[in-house]
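Close look at the chain arrangement
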Amino acid sequence: LIFFIKNVLPEILKLCFIIKSNNIHVVHVNNNITLGIPAIIASKLCRVNCICHIRETRHLIKRELFFLKFINKIIVLNKHAYNIYSKYTHMDVIQRMFNGIPLAYDGIDLKNSVNLNKDETLNEFETYNVKLVAVAGRIIEGKGQKEFILAAKEVLKIKCGVKFLIIGDSKGGDDSYFKGIKQLVNDNFLENNIIFTGWKDDIKNILSILDIFVFSSTTFPEGLPNSIIEAMALKKPVISTSIPGPDEIVLNNVTGFLVEPGDIKTMAEKIIYLLDNPDISKKMGEEGRKRAEELFDIRKTVRNIESLYNELLI
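In this report, we go over the structure that sits alongside the text.

A short note on the overall build of the chain
In terms of helices and strands, the chain carries 13 helices and 10 strands. Expected size for 314 residues packed as a compact globule is a radius of gyration near 20 Å; at 21 Å, the chain falls within 12% of this value. The C-alpha extent of the chain, read off along each of the three principal axes, is 60 × 45 × 35 Å. Burial statistics for the chain: of 314 residues in total, 51% are counted as buried. Of the roughly 15,500 Å² of accessible surface on the chain, a fraction of 53% belongs to carbon and sulfur atoms. The centroid of the 41 positive side-chain charges in the chain is displaced by 5 Å from the centroid of its 37 negative side-chain charges.

Here you go:
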């Protein structure tokens, strides 16, 4: 109660003021229900429509179940999330970002998915004349950087001319996991082959120099990871864990490979296979670009969200 009075209530009052003073008719919460509670309450008090854009794939907790009834429309990013939310509310409340029901997948700006500053990026990480494999994302438990490192160790037993980039940091998470994987690298004498890039805003430049992109999440409740789509847009083959969300982006054996979460051995085998078969790797990258253009164009997403706004404004 004290937390609500000190933190949530002022936010509700502030949002109510913004809604009223700007004559707002639709509130779009771009996150999960818990983080959107102040906006959901404010929209209810002001009697305006509320959309909640769910970017995770997990079951609802009790407080989310309570506030669910105050939301007019829910957008989810994959089939698994659609099936979960279908158990809690009427089907017509849920919009899946998926062709055929009435919105498209979440997307990226494909026009800007071009190779830029490759030489500068290669020089930054001193990665000329080597094969490059990378994982990207917050370095927190469940994102799979530990498994990526252990897979890299297996690859390096067979292929010496490979470097592995870990893109990101522990922003918004627990530093203990980050420290643990750094220690894992040191304990296995992998410092010369595994590079921690830190947080990067120029992700497309880094993706453009890769030979393979890996998405290694194990238990994190992903929605529809943009990093995979960005890599595919740049014609990179993707090796991803077969968890909800990524398993709808990557076509197994077509745009890359799907492996079981935590299966270090298979992940390493697939990396080696793609490194040994550049023609297949190139073909998968090209198929990935085609799939990105077909399903993940941000312009389609924008048009469909506008359509949802219009539906609520009638």
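Brief notes about the environment of K179
Along the chain, the position of K179 falls in helix α7 (residues 175-187). Separated by 40 residues in the primary sequence, K179 and I139 place their C-alpha atoms 9.8 Å from one another.

Overview of the pairing of strand β7 (residues 194-198)
Sheet analysis places strand β6 (residues 162-167) next to β7, joined by 4 bridges and oriented parallel. Across the sheet, the residue bridging to I166 is F196, located in β7. Running through α7, the crossover from β6 to the neighbouring parallel element β7 is right-handed.

Some points on the layout of surface pockets
Here the largest pocket is characterised by a volume of approximately 810 Å³. Forming the walls of the largest pocket are 26 residues, and the residues nearest its centre are G137, R138, K143, E222 and N226. Among the elements that line the lining of the largest pocket, the one with the most residues is helix α9 (residues 226-233), at 3 residues. Of the residues belonging to the lining of the largest pocket, the class tally is 10 nonpolar, 7 polar and 9 charged.

A few points about the pattern of salt bridges
Counted according to the given criterion, the structure contains 13 salt bridges. Among the salt bridges present, the one from K131 reaches D211, with a minimum N-O distance of 3.9 Å. With K131 in strand β5 (residues 131-136) and D211 in the loop between α8 (203-208) and β8 (212-215), this residue pair connects regions lying 80 residues apart in the sequence. Between E287 and K290 there is a salt bridge whose closest N-O contact spans 3.5 Å. You can see E287 and its partner K290 sitting in helix α12 (residues 278-295), 3 residues apart, about one turn around the helix. Here the residues in one salt-bridge network are E56, R58 and E64, joined through shared partners.

Side note on the packing of helix α6 (residues 145-156) against α7
Viewed as axis vectors pointing N to C, α6 and α7 meet at an angle of 5°, and their least axial separation amounts to 10 Å. Judged by the inter-axis angle, α6 sits roughly parallel to α7. Where α6 abuts α7, its residues Q145, K146, E147, I149 and L150 lie against Y177, I181, L184 and V185. The class makeup of the residues in the contact of α6 with α7 is 6 nonpolar, 1 polar and 2 charged.

Re the pairing of strand β2 (residues 49-53)
With 4 of its 5 residues buried, β2 lies for the most part within the structure. Alignment of strand β1 (residues 26-29) against β2, held across 4 bridges, turns out to be parallel. Following the sheet pairing, V27 is matched in β2 by C50. In this view, the connection linking β1 to its parallel neighbour β2 by way of helix α2 (residues 37-45) has right-handed handedness. Direction of pairing for β2 relative to strand β3 (residues 73-76): parallel, over a ladder of 3 bridges. Note that in β3 the partner of I51 across the bridge is K73. The parallel pair β2 and β3, bridged by helix α3 (residues 62-68), forms a crossover whose chirality is right-handed.

Things to note about unusual backbone geometry
Despite not being glycine, N23 shows a phi value in the positive range, around 55°. As for its position among the elements, N23 is in the loop between α1 (2-21) and β1. The exposed category is assigned to N23, whose relative accessible area is 54%. Positive phi values are uncommon outside glycine, yet F189 reaches one of about 55°. Here F189 lies in the loop between α7 and β7.

Observations regarding α12
With 18 residues, α12 should cover 26 Å at 1.5 Å per step; its first-to-last C-alpha distance of 26 Å lies within 8% of that length. Three or more residues of α12 are buried, namely S281, M284, G285, E287, G288, R289, R291, A292 and L295. Buried residues in α12 make contact with α9, α10 (246-249), β10 (256-259) and α11 (264-276).

Calculation rules
- Residues numbered from 1 in each chain as written.
- Predicted model: local features only at pLDDT ≥ 70, side-chain atom pairs only at ≥ 80, totals over all residues.
- Heavy atoms only, no water.
- Helix = DSSP H or I, 4+ residues; strand = E, 2+ residues; numbered from the N terminus.
- Rg over C-alpha atoms; globule rule 2.2 N^0.38 Å.
- Buried < 20%, exposed > 50% of the residue type's maximum accessible area, 1.4 Å probe, protein only.
- Areas by Shrake-Rupley, 256 points an atom, 1.4 Å probe, with all protein chains shown as cover.
- Lys, Arg positive; Asp, Glu negative; His and termini not counted.
- Charge placed at Lys NZ, Arg CZ, Asp CG, Glu CD.
- Pairing = 2+ DSSP bridges.
- Right-handed = clockwise from strand over helix to strand, strands pointing away.
- 1 Å grid on protein atoms, 1.4 Å probe; cavity = no way out; pocket = protein on both sides within 12 Å on 5 of 7 lines; lining within 4 Å.
- Points joined across faces, edges and corners; volume = space filled by probe spheres on them.
- Nonpolar A, V, L, I, M, F, W, Y, C, P; charged D, E, K, R; others polar.
- Salt bridge = Lys/Arg side-chain N within 4 Å of Asp/Glu carboxyl O.
- Axes fitted to C-alpha atoms, helices over the stretch in contact; angles between N-to-C directions.
- Parallel < 35°, antiparallel > 145°, perpendicular 65-115°, else oblique.
- Contact = heavy atoms within 4.5 Å.
- Expected span 1.5 Å × (residues − 1).

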